[in-house]
Amino acid sequence: MKITQRVVHTIDFDVVPMPGIALLHEGQRYVVTGSDLHRRKDGELVPIIYWQSYCAECGAPFECWSGMRSGTLNRRCRLHHAPGKAVTAAGKKHASNYLRKYGPRRKR
């Protein structure tokens with residue numbers, strides 16, 4: 001009997017996923033390592049998911065977390081953390097087109 005690992009492509013869960021479920025997000029593989037409850041500023045408890053992946057720069061394993069529905073995850077370890085910096089050539093092309101169309105991103 002062959003055991004296959006469940007793979008998802010978006011972070012859109014109704015229930016907390018089981019450890020071991022894999023996510024392929026923009027070509028990078030993340031695996032669920034666990035979950036916990038997080039208390040928001042308004043006092044509400046919400047579930048968060050812990051993920052493990054490998055840094056796009058150095059290949060070192062790192063952990064990050066997300067909510068049950070999220071758009072992005074960290075792509076690099078703490079040492080190489082670079083928000084907004086594209087990892088792949090396709091991402092660089094997308095960022096270049098965005099900057100050409102809308103100009104530099106502004107912090108709110």
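As a starting point, this report considers the structure included with it. Everything numeric here is computed off the predicted structure, so don't read it as measured data.

Turning our eyes to something else, we now look at the overall build of the protein. Broken down by element type, the protein carries one helix and seven strands. Starting at the N terminus, the α and β elements of the protein follow one another as β-β-β-β-β-β-β-α. Across its three principal axes, the protein shows a C-alpha extent of roughly 50 × 45 × 25 Å. Per-residue burial for the protein yields a buried fraction of 27% across its 108 residues. For the protein, long-range pairs separated by at least 24 residues make up 28% of all intrachain contacts whose partners lie at least 6 apart in sequence. The centroid of the 19 positive side-chain charges in the protein is displaced by 11 Å from the centroid of its 8 negative side-chain charges.

Moving on, we get to the nonpolar core. Formed by 15 residues in total, the largest nonpolar core has its most connected members in Phe-13, Leu-23, Tyr-30, Trp-51 and Leu-73. Those elements that place two or more of their residues in this core are strand S4 (28-39), strand S5 (45-54) and strand S6 (61-66).

With respect to the helices and strands, His-25 occurs in strand S3 (residues 22-25). Beyond its immediate chain neighbours, meaning those up to four positions away, His-25 contacts Tyr-30, Gly-71, Thr-72, Leu-73 and Arg-75.

Counted according to the given criterion, the structure contains six salt bridges. With a shortest N-O distance of 2.8 Å, Asp-42 and Arg-40 are connected by a salt bridge. Residue class for Asp-42 comes out exposed when judged on its relative accessible area of 55%. Sharing partners across several salt bridges, the network here consists of Asp-12, Asp-14 and Arg-69.

Rules used throughout
Residues numbered from 1 in each chain as written. Predicted model: local features only at pLDDT ≥ 70, side-chain atom pairs only at ≥ 80, totals over all residues. Heavy atoms only, no water. Helix = DSSP H or I, 4+ residues; strand = E, 2+ residues; numbered from the N terminus. Buried < 20%, exposed > 50% of the residue type's maximum accessible area, 1.4 Å probe, protein only. Contact = heavy atoms within 4.5 Å. Lys, Arg positive; Asp, Glu negative; His and termini not counted. Charge placed at Lys NZ, Arg CZ, Asp CG, Glu CD. Core = buried A, V, L, I, M, F, W, Y, C linked by side-chain atoms within 4.5 Å. Salt bridge = Lys/Arg side-chain N within 4 Å of Asp/Glu carboxyl O.

Remember that the coordinates give geometry; whether it matters functionally is a separate question.
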